[in-house]
Amino acid sequence: MSILVFIEQRDGRVRAVSREALGEATRLAAALGGPVVGVCPAATDPGLAALGEAGAERVLLAAHPAFAAYDAAGYARAVAVAAETLKPALVLFGASTMGRDLAPRVAARLGAGLASDCIALAVEGGRLVASRPVFAGKALQKVAFPKAPALATLRPKVFAPVALGGRSAAVEPLAVDFDAAASRAKVLRVAAAGAGKVDLTEAEVIVSGGRGMKGPEHFQLLEDLAAALGASVGASRAVVDAGWRPHSEQVGQTGKTVSPKLYVAVGISGAIQHLTGMTSSRCIVAINKDAEAPIFKVADYGIVGDLFEILPALTEAVGKLNAHA
Ligand SMILES: Cc1cc2nc3c(=O)[nH]c(=O)nc-3n(C[C@H](O)[C@H](O)[C@H](O)COP(=O)(O)OP(=O)(O)OC[C@H]3O[C@@H](n4cnc5c(N)ncnc54)[C@H](O)[C@@H]3O)c2cc1C
């Protein structure tokens, strides 16, 4: 049985989260058997043959002019058609904004089970078991599927892509009977927040600020450290609610779930709703003047002190390291 992977493209570029899903599919294929096949709804081929290096043996291209931007009904139909044709053991999606919207629609069409926001997949006793954080990250739930196909969305930045040098994927057309005019919802415009900035869910390094920053004008200190580290800026809900930072930067239960290599929390207390969005980060650094702040319970490194003294010193130190690199 094959493993089907939804290939997400935006503006003609395949997103990193799809390479991560292909990587996990490649690892699971050793236990589940069968080829790794991608399915990509798009207006034109975004360079799918290159996904051979990321683990895809074949990629089905569902080409339709209406698929240039995300079309919920059309994309769901394309992935469902691919699943009905291939009868895969497993269908993987990135738990991106698009994947989170799409996967339940496909699951409903197929009458299949879906485990969302998974951080691990394993084959135990011949069956697939997905692990996903629940109760705002306080517990880990293991989910098994009674029948195939099993559907899962994978938390971005948790699963490593593979690099199979020199391999090329066969790109095959997938016919999808879809009438865009009859679609009940249409994307009229995509407004990208902060042109040129790396999306938080794809960032390798994030520097986040909380209410301890005392006001929007002080976020320049955070921006300076972020620039020195090549990081994206995140925020707690408290500062987003106060209008200091845009919602696109909010990390947590009602914001984004991030898993960067390095997460620096500055003046953030570490409420459970914030922690649920960032505890799968590889390394967490907390800066807080309150030694009892809950953020220190999840931090790998903690600095107890006044952020207004620490941030400039840290930025200067990173600047010096950069100069010597
Ligand atoms: C349903 C629901 C959903 C929610 N979703 C989210 C979410 O998605 N994301 C989120 O972040 N929150 C969320 N919240 C809110 C959450 O409960 C907290 O209120 C919020 O995270 C607190 O933000 P904060 O840590 O910036 O502020 P505070 O809790 O006020 O913490 C500020 C911290 O700054 C420190 N500090 C102050 N001055 C300095 C200084 N000079 N130097 C160093 N440290 C200093 C303080 O010691 C303190 O620990 C949600 C709440 C609910 C009920």
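Residues numbered from 1 in each chain as written. Predicted model: local features only at pLDDT ≥ 70, side-chain atom pairs only at ≥ 80, totals over all residues. Heavy atoms only, no water.

### Thoughts on the overall build of the chain
Phase 1 of the analysis: Looking only at helices and strands, the chain features eight helices and 17 strands.
Phase 2 of the analysis: Over its C-alpha trace the chain gives a radius of gyration of 21 Å, about what one expects of a compact globule, namely 20 Å for 325 residues.
Phase 3 of the analysis: Viewed in the frame of its principal axes, the chain has a C-alpha envelope of about 60 × 45 × 40 Å.
Phase 4 of the analysis: Across the 325 residues in the chain, those meeting the buried criterion constitute 49%.
Phase 5 of the analysis: For the chain, the centre of its 33 positive side-chain charges and the centre of its 29 negative side-chain charges are spaced 5 Å apart. (Helix = DSSP H or I, 4+ residues; strand = E, 2+ residues; numbered from the N terminus. Rg over C-alpha atoms; globule rule 2.2 N^0.38 Å. Buried < 20%, exposed > 50% of the residue type's maximum accessible area, 1.4 Å probe, protein only. Lys, Arg positive; Asp, Glu negative; His and termini not counted. Charge placed at Lys NZ, Arg CZ, Asp CG, Glu CD.)

### Structural notes on the site of the ligand
Phase 1 of the analysis: Around the ligand lies a shell of 26 residues, among which Arg 211, Ser 236, Thr 254, Ser 269 and Asn 288 are the nearest.
Phase 2 of the analysis: Contact between the ligand and Thr 254: a nitrogen atom at 2.6 Å from a side-chain N or O atom of the residue.
Phase 3 of the analysis: Calculation on the ligand without its partners gives an accessible area of 980 Å², and the protein chains cover 77% of this total.
Phase 4 of the analysis: Because more than half of its atoms lie within 2 Å of the grid, the ligand is assigned to the second largest pocket.
Phase 5 of the analysis: If you list the elements that add at least two residues to the shell around the ligand, you get helix 5 (237-241), helix 6 (272-275) and helix 8 (307-324). (Near = heavy atom within 4 Å. Polar contact = N/O pair within 3.5 Å; in protein donor to acceptor, adjacent residues only side chain to side chain. Areas by Shrake-Rupley, 256 points an atom, 1.4 Å probe, with all protein chains shown as cover. 1 Å grid on protein atoms, 1.4 Å probe; cavity = no way out; pocket = protein on both sides within 12 Å on 5 of 7 lines; lining within 4 Å. Sits in = over half its atoms within 2 Å of the grid points.)

### Here's the deal with the domain arrangement of the chain
Phase 1 of the analysis: One can read the domain layout of the chain as domain 1 (3-182) and domain 2 (200-324).
Phase 2 of the analysis: One C-alpha centre belongs to domain 1, the other to domain 2; they are set 31 Å apart.
Phase 3 of the analysis: Taken residue by residue, the interface counts ten residues in domain 1 and eleven residues in domain 2.
Phase 4 of the analysis: Together domain 1 and domain 2 conceal approximately 980 Å² of surface at their shared face, both sides included; 47% is due to carbon and sulfur atoms.
Phase 5 of the analysis: Linking domain 1 with domain 2 are two salt bridges.
Phase 6 of the analysis: Here Glu 204 ties to Lys 157 by a salt bridge, and the two come within 2.7 Å at their closest N and O atoms.
Phase 7 of the analysis: The residue makeup of the side of domain 1 that touches domain 2, split by class, is four nonpolar, one polar and five charged. (Domains from an automatic or database assignment. Contact = heavy atoms within 4.5 Å. Buried area = accessible area lost by both parts, 1.4 Å probe. Salt bridge = Lys/Arg side-chain N within 4 Å of Asp/Glu carboxyl O. Nonpolar A, V, L, I, M, F, W, Y, C, P; charged D, E, K, R; others polar.)

### Side note on the sheet that holds strand 11 (residues 150-154)
Phase 1 of the analysis: Strand order in this open sheet of seven strands is 7-11-6-1-4-5-12, and the pairing throughout is parallel. The sheet is open, and its two edges are formed by strand 7 (113-118) and strand 12 (170-173), each paired on a single side. Each neighbouring strand pair of the sheet contributes to a mean axis angle of 25 degrees, computed without reference to strand direction.
Phase 2 of the analysis: Relative to strand 11, strand 6 (residues 90-94) is paired through five bridges, and the arrangement is parallel. (Pairing = 2+ DSSP bridges. Axes fitted to C-alpha atoms, helices over the stretch in contact; angles between N-to-C directions.)

### Remarks on the environment of Ala 226
Phase 1 of the analysis: Checked against the element boundaries, Ala 226 lands in helix 4 (residues 219-229).
Phase 2 of the analysis: C-alpha of Ala 226 to C-alpha of Leu 28: the two residues are 198 residues apart in sequence and 36 Å apart in space.
Phase 3 of the analysis: Apart from residues lying up to four places away in sequence, Ala 226 is in contact with Val 207, Ala 231 and Val 233.

### Comments concerning the environment of Ala 181
Phase 1 of the analysis: Take Ala 181: it is sitting in the loop between strand 12 and strand 13 (205-209).
Phase 2 of the analysis: Along the chain, Ala 181 and Leu 311 lie 130 residues apart, while their C-alpha atoms are 53 Å from each other.

### What to know about the sheet that holds strand 10 (residues 139-144)
Phase 1 of the analysis: Taken in spatial order, the three strands line up as 8-9-10 in an open sheet, and their pairing is antiparallel. Lying at the two open borders of the sheet, with one neighbouring strand each, are strand 8 (120-124) and strand 10. Sheet twist, expressed as the average angle between the axes of neighbouring strands with direction ignored, equals 30 degrees.
Phase 2 of the analysis: One ladder, built from six bridges, connects strand 9 (residues 127-134) with strand 10; its direction is antiparallel. Residue pairing for strand 10: Val 129 is matched across the bridge by Ala 144.
Phase 3 of the analysis: Of the strands in this sheet, strand 8 and strand 9 are in contact with helix 1 (residues 16-32), which crosses strand 8 at around 5 degrees.

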